[in-house]
There are 4 protein chains.
Amino acid sequence: MDYVFELTIKVRDYECDIQGIVNNANYQHYIEHTRNEFLRSEGVSFAQLHDEGIDTVVARLSMVYKNPLRPNDTFVSRLAVKKDGIKFFFYQDLFRLPDNTHILHADVTIVTLINGRLRDCERLNKLFAKYF
Amino acid sequence: MDYVFELTIKVRDYECDIQGIVNNANYQHYIEHTRNEFLRSEGVSFAQLHDEGIDTVVARLSMVYKNPLRPNDTFVSRLAVKKDGIKFFFYQDLFRLPDNTHILHADVTIVTLINGRLRDCERLNKLFAKYF
Amino acid sequence: MDYVFELTIKVRDYECDIQGIVNNANYQHYIEHTRNEFLRSEGVSFAQLHDEGIDTVVARLSMVYKNPLRPNDTFVSRLAVKKDGIKFFFYQDLFRLPDNTHILHADVTIVTLINGRLRDCERLNKLFAKYF
Amino acid sequence: MDYVFELTIKVRDYECDIQGIVNNANYQHYIEHTRNEFLRSEGVSFAQLHDEGIDTVVARLSMVYKNPLRPNDTFVSRLAVKKDGIKFFFYQDLFRLPDNTHILHADVTIVTLINGRLRDCERLNKLFAKYF
């Protein structure tokens, strides 16, 4: 699986909870933000798709938490994408910098709703075809 | 798998994003809140455990998103718990009220760090023994 | 100033940060949620208004933090509303239960955009007239 | 009032709500993050202070919302700091790039709790003395 996009992000203190580490739900924010910035790098935005009647929605998500992120940590968020039927699969990993400690692996299945109905999305298919 | 705890929650508008539905990461907040309230119902809190040097951390999480929650929706969050080795497994489901539409299923693997080290947690074992 | 609406809310652990108290920004979530539930109690929702081209937006906000909320705290969120010109003023207070410790006072100025333009909102005027 | 620190931030889609603009509470996250990064630029962190028994807490906050931030917007967050008695005053502004549209002005009063008691904080006084 080859990564096709990456983004460097710094932890914000408010993302950490009582345990002093990034709260679990915030990792989901990080990987969603990475997918959306990947979309933007391809010339299309999540908000723009929504306005056109296309909603990309998470159907399944699995995450393996390997090491926690802490205040002041900087990490790189990497992403690969594949297609199977009408589903898009995103393979996402977070690595802490500078030592590349593996923080999290996520498998995310995305489907597209066109005007509220589950449909194959030609627009995204064309956009991502080069990666399949 | 028998549910041993449940909590009724109402969606807050700020939890919804541009698509007009609850943002994916917030479901993780709902199920975390449910686990923590379950702990409280057993007489112990997440914060109190942290102060005693016991951190419960999510090791793995998988979620299947079946139907989205929308503004004004009320739902019930149900939970079952099992143990295998040093791991606690939580099986969690959200059902929208009043029709019990299945919203989300989550499998969550929790491990305990005692003074920062992965350890079997006698305190939680005793607390939950009646459920195993 | 007479309160015209109140809501009881329980702190969720994930709303607390490294200091072990509710993170400052979350108080804004509490008071926004209270205003939106007040709207709902009057038969109209934030999302529905948005769909009709009416956006209620915060123009000014001031908050006095008197005492922090902690994990497991339950509090009551109270609200009064006045009108001056095209502005709605909300006076909001949070009191911790059961001892009514004063947690926060907020003054919030709301204006309405109708199809993106700052306008007096007849619909909300009628709805709230009984309170002015 | 001269700004002594600035940070460039990009809006993340999940920070936007049903109205398609950044949710009000997230501006508070932006300005808190800016203050904490300012602290870091001076060699001290929010988490580290907490571990030393020093908690910086917001006592008062007022915000004027001038223009909303939208998905894909990038903005600069600027900060000035003054001292009066035991209080620190932060004057904070957000400007959208590249045209410097004024997004928000905030006045934030911070006090310090040392081992839970309101106290003048010598450590921060020394750190910031050059700005007063």
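One can find the structure itself at the top, above this paragraph.
Summarised in this report is the structure supplied together with it.

Parameters at a glance
Residues numbered from 1 in each chain as written. Chains lettered and ligands numbered in written order. Predicted model: local features only at pLDDT ≥ 70, side-chain atom pairs only at ≥ 80, totals over all residues. Heavy atoms only, no water. Helix = DSSP H or I, 4+ residues; strand = E, 2+ residues; numbered from the N terminus. Rg over C-alpha atoms; globule rule 2.2 N^0.38 Å. Buried < 20%, exposed > 50% of the residue type's maximum accessible area, 1.4 Å probe, protein only. Contact = heavy atoms within 4.5 Å. Areas by Shrake-Rupley, 256 points an atom, 1.4 Å probe, with all protein chains shown as cover. Lys, Arg positive; Asp, Glu negative; His and termini not counted. Charge placed at Lys NZ, Arg CZ, Asp CG, Glu CD. Buried area = accessible area lost by both parts, 1.4 Å probe. Salt bridge = Lys/Arg side-chain N within 4 Å of Asp/Glu carboxyl O. Polar contact = N/O pair within 3.5 Å; in protein donor to acceptor, adjacent residues only side chain to side chain. Nonpolar A, V, L, I, M, F, W, Y, C, P; charged D, E, K, R; others polar. Phe/Tyr/Trp six-rings, centres within 6.5 Å; stacked < 30°, edge-to-face > 60°. Pairing = 2+ DSSP bridges. Expected span 1.5 Å × (residues − 1). Least-squares fit on C-alpha atoms with pLDDT ≥ 70 in both.

**Things to note about the overall build of chain A**
1) Next: Counting secondary structure elements, chain A contains three helices and six strands.
2) Next: The C-alpha radius of gyration computed for chain A amounts to 15 Å, which stays within 12% of the reference 14 Å derived for 132 residues, consistent with globular compactness.
3) Next: Seen through its C-alpha atoms, chain A measures out along the principal axes to roughly 40 × 30 × 25 Å.
4) Next: Across the 132 residues in chain A, those meeting the buried criterion constitute 61%.
5) Next: Residue pairs at least 24 apart in sequence account for 67% of intrachain contacts in chain A once pairs closer than 6 positions are excluded.
6) Next: When the accessible area of chain A is evaluated, it comes to approximately 5,400 Å², of which 47% is carbon and sulfur surface.
7) Next: When the 17 basic and 18 acidic side-chain charges of chain A are each reduced to a single mean position, those positions are 3 Å apart.

**A word on the interface of chain D and chain B**
1) Next: The interface of chain D with chain B comprises eight residues on the first partner and eight residues on the second.
2) Next: Buried area between chain D and chain B, both sides added, is near 510 Å², and the carbon and sulfur share of it is 72%.
3) Next: Of all residues in chain D, the largest losses of buried area upon contact with chain B belong to D:Tyr14, D:Asp17 and D:Ile18, amounting jointly to 64% of the total for that side.
4) Next: If you look at where chain D meets chain B, you find zero salt bridges.
5) Next: On inspection of chain D and its partner chain B, the count reaches zero residue pairs in polar contact (both at pLDDT 80 or more).
6) Next: Here the residues of the side of chain D that touches chain B sort into four nonpolar, two polar and two charged.

**Section: the packing of aromatic side chains**
Here the distance between the centres and the angle between the planes together describe a pair of aromatic rings.
1) Next: Within the structure shown, the criterion is met by 40 aromatic pairs over all chains.
2) Next: For the pair C:Tyr3 and C:Phe95, a centre-to-centre distance of 6.4 Å together with 80 degrees between the ring planes defines the contact as edge-to-face. Highlighted residues: C:Tyr3 in the segment before strand S1 (5-10) and C:Phe95 in strand S4 (residues 87-97), separated in sequence by 92 residues.
3) Next: Classification of C:Tyr3 as partly exposed rests on a relative accessible area of 36%.
4) Next: Here D:Phe5 and D:Phe38 contribute two aromatic rings whose centre-to-centre distance is 5.7 Å and whose plane-to-plane angle is 55 degrees, an arrangement assigned as tilted. Here D:Phe5, found in strand S1 (residues 5-10), pairs with D:Phe38, found in helix H1 (residues 24-41); they are 33 residues apart in sequence, far enough to count as distant. There is no split in this pair, since D:Phe5 and D:Phe38 are both buried.
5) Next: What links up through ring pairs into an aromatic cluster is the set A:Phe5, A:Phe38, A:Phe88, A:Phe90, A:Phe128, A:Tyr131 and A:Phe132.

**What about the pairing of strand S3 (residues 74-84) of chain B?**
All names here are of chain B.
1) Next: Sheet analysis places strand S1 (residues 5-10) next to S3, joined by six bridges and oriented antiparallel. Directly across from Leu7, in S3, lies its bridge partner Ser77.
2) Next: Bridge count for S3 against strand S4 (residues 87-97) is eleven bridges, and the pairing is antiparallel. By the bridge assignment for S4, Val76 is matched with Phe95.
3) Next: Once S3 ends, the chain turns through two residues before running back antiparallel as S4, passing Gly85 with a positive phi of about 65 degrees.

**Remarks on the environment of A:Phe132**
Residues and elements named next belong to chain A.
1) Next: Examined against the element boundaries, Phe132 turns out to sit in the segment after helix H3 (122-128).
2) Next: Phe132 sits in the partly exposed class, given a relative accessible area of 41%.
3) Next: Along the backbone, Phe132 and Lys83 are 49 residues apart, and their C-alpha atoms lie at a distance of 6.6 Å.
4) Next: If sequence neighbours within four positions are ignored, Phe132 has contacts with Val81, Lys82, Lys83, Phe88 and Asn125.

**Quick look at the environment of C:Ser45**
1) Next: The topology assignment puts C:Ser45 in the loop between helix H1 (24-41) and helix H2 (46-51).
2) Next: Distance from C:Ser45 to C:Leu94, taken between C-alpha atoms, is 22 Å for residues 49 residues apart in sequence.

**Structural notes on H1(D)**
Residues and elements named next belong to chain D.
1) Next: Between its first and last C-alpha, H1 extends 27 Å over 18 residues, near the 26 Å set by a 1.5 Å rise per residue.
2) Next: Among the 18 residues in H1, 17 count as buried, and that is most of the element.
3) Next: Following H1 by one or two positions, Gly43 adopts a phi angle in the positive range, close to 95 degrees.

**Overview of the relation of the copies chain D and chain C**
1) Next: For the pair chain D and chain C, the best superposition has an RMSD of 0.0 Å and corresponds to a rotation of 180 degrees with a translation of 0.0 Å parallel to the axis. Here the two chains are linked by the operation of a two-fold rotation axis. Closest approach to the rotation axis within chain D is made by the C-alpha atom of D:Ser62, at a distance of 2.0 Å.

**Observations concerning the pattern of salt bridges**
1) Next: Here the structure, examined in full by the defined rule, presents 36 salt bridges over all chains.
2) Next: Here C:Arg40 and C:Glu37 are joined by a salt bridge, their closest N and O atoms 2.7 Å apart. Taken together, the positions of C:Arg40 and C:Glu37, both in helix H1 and three residues apart, correspond to about one turn of that helix.
3) Next: Note on C:Arg40: relative accessible area 14%, which makes it buried.
4) Next: Through salt bridges with shared partners, one network takes in A:Lys10, A:Asp13, D:Glu37 and D:Arg40.

**Quick look at the relation of the copies chain D and chain B**
1) Next: Screw-axis analysis of chain D against chain B gives a translation of 0.0 Å along the axis, an RMSD of 0.0 Å, and a rotation angle of 180 degrees.
2) Next: Most of the interface of chain D is mirrored in chain B: 100% of its interface residues are interface residues there too.

Function-wise, these values are silent; they only describe arrangement.
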